[in-house]
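Topology and contacts: notes
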Amino acid sequence: MAGGNERMVKTLKEVWRRRENSLCADCGKPGPDWASSTLGVFICLSCSGIHRNIPSISKVKSLKMDHWDDAQVQFLAKHGNAVTKAIYEAHIPIYYYQPTYNDCQVLREQWIRAKYERKEFTEPGKQPPYSDGVKEGILWKRGRDNGQFLPRKFLLSEREGCLKYFTKQDAKEPKINVKIDVINATFQPAKIGNPNGLQITYLKDNKTRNIFVYHESGKEVVDWFNAIRSVQFHYLKVAFPIASDNEIKTRLTRNFLKEGYMEKTGPKQREAFKKRWFTLDHRRLMYFKDPLDAFAKGEVFVGSRENGYSVQKGLPSGTQGNFSWHYGLTIVTPDREYLFTCETEADQLDWIAAFTSVINQAMTPQEYASKCPDAVSFPS
């Protein structure tokens, strides 16, 4: 009996050590130490919690703490991440966002449910609800001035290439009508204060406008997110017919590189530093008085090193402005220097790393075209 148990434990460890099982099957986190005895996948602790909420589909156990019987181990050995992915991820649309362990709960949960519960990707040609080019429904939108979330009708149209929302259900004219190619969408549960919070941004007159929405249903809000990506993908396929699918995929919705509070001073560098919320969206650094402001108070374009941009740790000697945070950094551009302070050294190093990643990238022709004087203003 003991010998059989030792063999079973040895087999389990051998299967666990396979290269294909070294990352979580659902979010890609290294070193998964849980597994589903009914699906045959190796998963991380966080994803195992989501699996536990769908017990009719997945039974999860710890690879370190729980007992595995011989039949369960043999099942894992026959399946594993590669075999199971080949079944449940066989036909994922190119535009569908596959979350990682850095993404929020609602994205990861709906990804797992889409795969194993709804089996959205197992059949070729299956049309998921976010792929038909039109989506209409109610989202709770935050008011720009009063901060209240109220139900608003949204309409996404691939044929018209736009996203609209209406202040009244029976309104004939939309409050906004935004071209799909200037829209970005990113989940912001902490900022919005709702686990299904979605931030939609778009450019208007080369300035960024924010809309904050949510839906009670996690599936519905993720369907909206992927519907936006689907419409963007098909729009860009027409606009750039020689581009590959993977090239177009990189131009769909994107997460912000970094957000958080810093202090800033004005262009004379003698004004008192003021605490503001900053968002780095690739080459756009925006600042807001409040994280949920609809419009940025200022923006600065962050170019490439070869065009004279750099980030430096600390502030220039002799900086006169009063500041309460003491971990400084300086953005150097061809026009001027921008001075910031961070509350902690960790924040300072994170911001420097984010700016460095942008500055080290060569600029594209489109980025040259987007760098206009209006976008480089950064008032006090």
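In the nomenclature of an unreviewed UniProt entry, the protein corresponds to ADAP1 protein from the organism Todus mexicanus. Quoted straight from UniProt, the Subcellular location (unreviewed entry) entry for the protein says "Cytoplasm".

1. What to know about the sheet that holds strand β2 (residues 42-43)
Strand order across the open sheet formed by three strands is β2-β1-β3, with antiparallel pairing between neighbours. Across the chains shown, the open sheet's two edge strands, defined by having one partner strand only, are β2 and β3 (60-62). In this structure, strand β1 (residues 34-36) lies alongside β2, joined through two bridges in antiparallel fashion. Its bridge partner being in β2, Trp-34 is matched across the sheet by Ile-43.

2. Some thoughts on helix α9 (residues 345-359)
Taking 1.5 Å of rise per residue, 15 residues should cover 21 Å, and α9 covers 21 Å from first to last C-alpha, within 8% of that figure. Buried residues of α9: Gln-348, Trp-351, Ile-352, Ala-354, Phe-355, Val-358 and Ile-359, and no others. The buried residues of α9 occupy one face: seen down the axis, they fall within an arc of 165°. Looking at the buried side of α9, the elements it contacts are β11 (258-264), β12 (274-281), β13 (284-288), β15 (310-313), β16 (327-332) and β17 (337-342).

3. A short note on the packing of aromatic side chains
Counted according to the given criterion, the structure contains 19 aromatic pairs. Between the aromatic rings of Trp-111 and Phe-121, the centroid separation amounts to 5.8 Å while the plane-to-plane angle is 40°, which identifies the pairing as tilted. Of this pair, Trp-111 sits in helix α5 (residues 105-117) while Phe-121 is found in the loop between α5 and β4 (134-142), placing the two residues ten residues apart along the sequence. Each member of the pair, Trp-111 as well as Phe-121, carries the same accessibility label: buried. Among the aromatic residues, ring-to-ring pairing joins Tyr-95, Tyr-96, Trp-111, Phe-121, Tyr-130 and Phe-233 into one connected group. Across from the ring centre of Trp-68, 5.0 Å away, lies the NZ or CZ of Lys-61, which sits over that ring.

4. Brief notes about the pattern of salt bridges
One pass over the full model with this rule turns up 18 salt bridges. Taking the shortest distance from any N to any O, the salt bridge between Arg-159 and Glu-160 comes out at 3.7 Å. For Glu-160, a relative accessible area of 38% corresponds to the partly exposed category. Taken together, the shared-partner salt bridges in this structure form one network comprising Asp-26, Lys-85, Glu-89 and Lys-115.

Reading guide: rules and limits
- Residues numbered from 1 in each chain as written.
- Predicted model: local features only at pLDDT ≥ 70, side-chain atom pairs only at ≥ 80, totals over all residues.
- Heavy atoms only, no water.
- UniProt positions renumbered as here; feature names shortened; annotations may be inferred.
- Pairing = 2+ DSSP bridges.
- Helix = DSSP H or I, 4+ residues; strand = E, 2+ residues; numbered from the N terminus.
- Expected span 1.5 Å × (residues − 1).
- Buried < 20%, exposed > 50% of the residue type's maximum accessible area, 1.4 Å probe, protein only.
- Arc of directions from axis to C-beta.
- Contact = heavy atoms within 4.5 Å.
- Phe/Tyr/Trp six-rings, centres within 6.5 Å; stacked < 30°, edge-to-face > 60°.
- Lys NZ or Arg CZ within 6 Å of the ring centre and 35° of its normal.
- Salt bridge = Lys/Arg side-chain N within 4 Å of Asp/Glu carboxyl O.

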